[in-house]
Amino acid sequence: MQYEVVAEIFSRIARYYDVMNHLFSLNRDCYWRRCAAARTGLRAGDRVLDVCCGTGMFSLELAKLTGKEGRVTGLDFSREMLAVAKGKMERHPLGKTVFLQPGDAMRMEFADGSFPVVVSAFGLRNLPDIENGLREMVRVLESGGRLVILELGKPQGRFWESLYRFYLEVMLPRLGNAAAGSGSPYCWLPESLRRFPTPEVFCRMMTETGLENVERQMLTGGIANVFWGNKRVG
C-alpha cells in the first residue's frame, strides 16, 4: 500500500485508534508494550526516540522508565495521531517529558548518533521499505546504543495459525469496517503482516544493518515479537 494511503487511513481513525487496539487485541497490546519497554534498559534521566509513535501509548510507557528527568521524543507522520497524543500528554503526570514532532521515519531530521535508545512499536511494517526504515533508525542511534522493535507476528502451531488467520483476514476487517468505516487499517493489516519478514529473517536484517547481540522475545504465542540489539561500535 502506498505511503500516502497509509497516512490518510491513520489520520482518519486517530480518535479511535487506542480503543480499537485494546479491543481487537483483547487488551494484550498493553502487555506487549510493557515487555518491549523492559528490553530498552532505560533508566531515570535517559533519552529515547520513539519512531512512529502514533497516539503516544508507547511513549508514555517509556516515560515511566525515564522519569521526570528524562526525555522521550515521539516522531510520527500523522498530525492527527500526534494531536491525540498531545491531548494524552497534557493529561498525564509525565506528559511534559514527552516531546512530539511530525516527521518521516524514512528521512528523519536528526543527526547521526543522536539517541542512545531508539524504539518503534507496530510502525516499521507500515513503512514503504522496511529495511531502509530500519537503517534510518540505526543511523540516528549512537554507537553502542540499543534499538528495540515491537511488531505483530503469527502464533506457532498449525491449528493456532489457522485460527489466527481466520480472525485476521475475515473477522478483523469486518469489525474494523463496523467500528471505523471501510478502508480502516484493520482491512489491510493482513497485507502488512504478509510483507513483514519472518522473525529469523528480520533478526538477520537487523544484524546486516549494523546491530549486534540481536535477540527476540516471542509474546502471546508469537502473535507479537520484541526484537532488540545494540549498534556496533566503530
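Provided above is the structure to which this section pertains.
It should be emphasised that the depicted structure is a prediction, and the values quoted were computed from it without experimental measurement.

Helix α4 (residues 57–66) packs onto helix α3 (residues 28–38) with a crossing angle of 45° between their chain directions and a minimal axis gap of 10 Å. It follows from the interaxial angle that α3 and α4 lie oblique. When the axes of α3 and α4 are compared, the crossing they make is right-handed. Here Arg33, Arg34, Ala36 and Ala37 of α3 come into contact with α4, specifically with Met57, Phe58, Glu61, Leu62 and Leu65. When the residues that make up the contact of α3 with α4 are grouped by side-chain class, the tally is six nonpolar, no polar and three charged.

On to the pairing of strand β1 (residues 47–51). With four of its five residues buried, β1 lies for the most part within the structure. Bridge analysis of β1 against strand β2 (residues 71–76) gives five bridges, and the strand direction is parallel. Note on β2: the bridge partner recorded for Arg47 is Arg71. Crossover handedness for the path β1 to α4 to β2: right-handed. Here β1 runs beside strand β4 (residues 115–121); their pairing, made up of three bridges, is parallel. Across the sheet, residue Val51 finds its bridge partner in β4, namely Ser120.

Inspection of helix α9 (residues 199–208) places Phe202, Cys203, Met205 and Met206 among the buried residues, and these make up the whole buried set. Buried residues along α9 cover an arc of 155° about the axis, so they all sit on one side. Trailing α9 by a residue or two, Gly210 shows a phi angle of about 115°, which is positive.

Reading the values: rules and limits
- Residues numbered from 1 in each chain as written.
- Predicted model: local features only at pLDDT ≥ 70, side-chain atom pairs only at ≥ 80, totals over all residues.
- Heavy atoms only, no water.
- Axes fitted to C-alpha atoms, helices over the stretch in contact; angles between N-to-C directions.
- Helix = DSSP H or I, 4+ residues; strand = E, 2+ residues; numbered from the N terminus.
- Parallel < 35°, antiparallel > 145°, perpendicular 65-115°, else oblique.
- Left-handed = near helix turned anticlockwise from the far one by under 90°.
- Contact = heavy atoms within 4.5 Å.
- Nonpolar A, V, L, I, M, F, W, Y, C, P; charged D, E, K, R; others polar.
- Buried < 20%, exposed > 50% of the residue type's maximum accessible area, 1.4 Å probe, protein only.
- Pairing = 2+ DSSP bridges.
- Right-handed = clockwise from strand over helix to strand, strands pointing away.
- Arc of directions from axis to C-beta.

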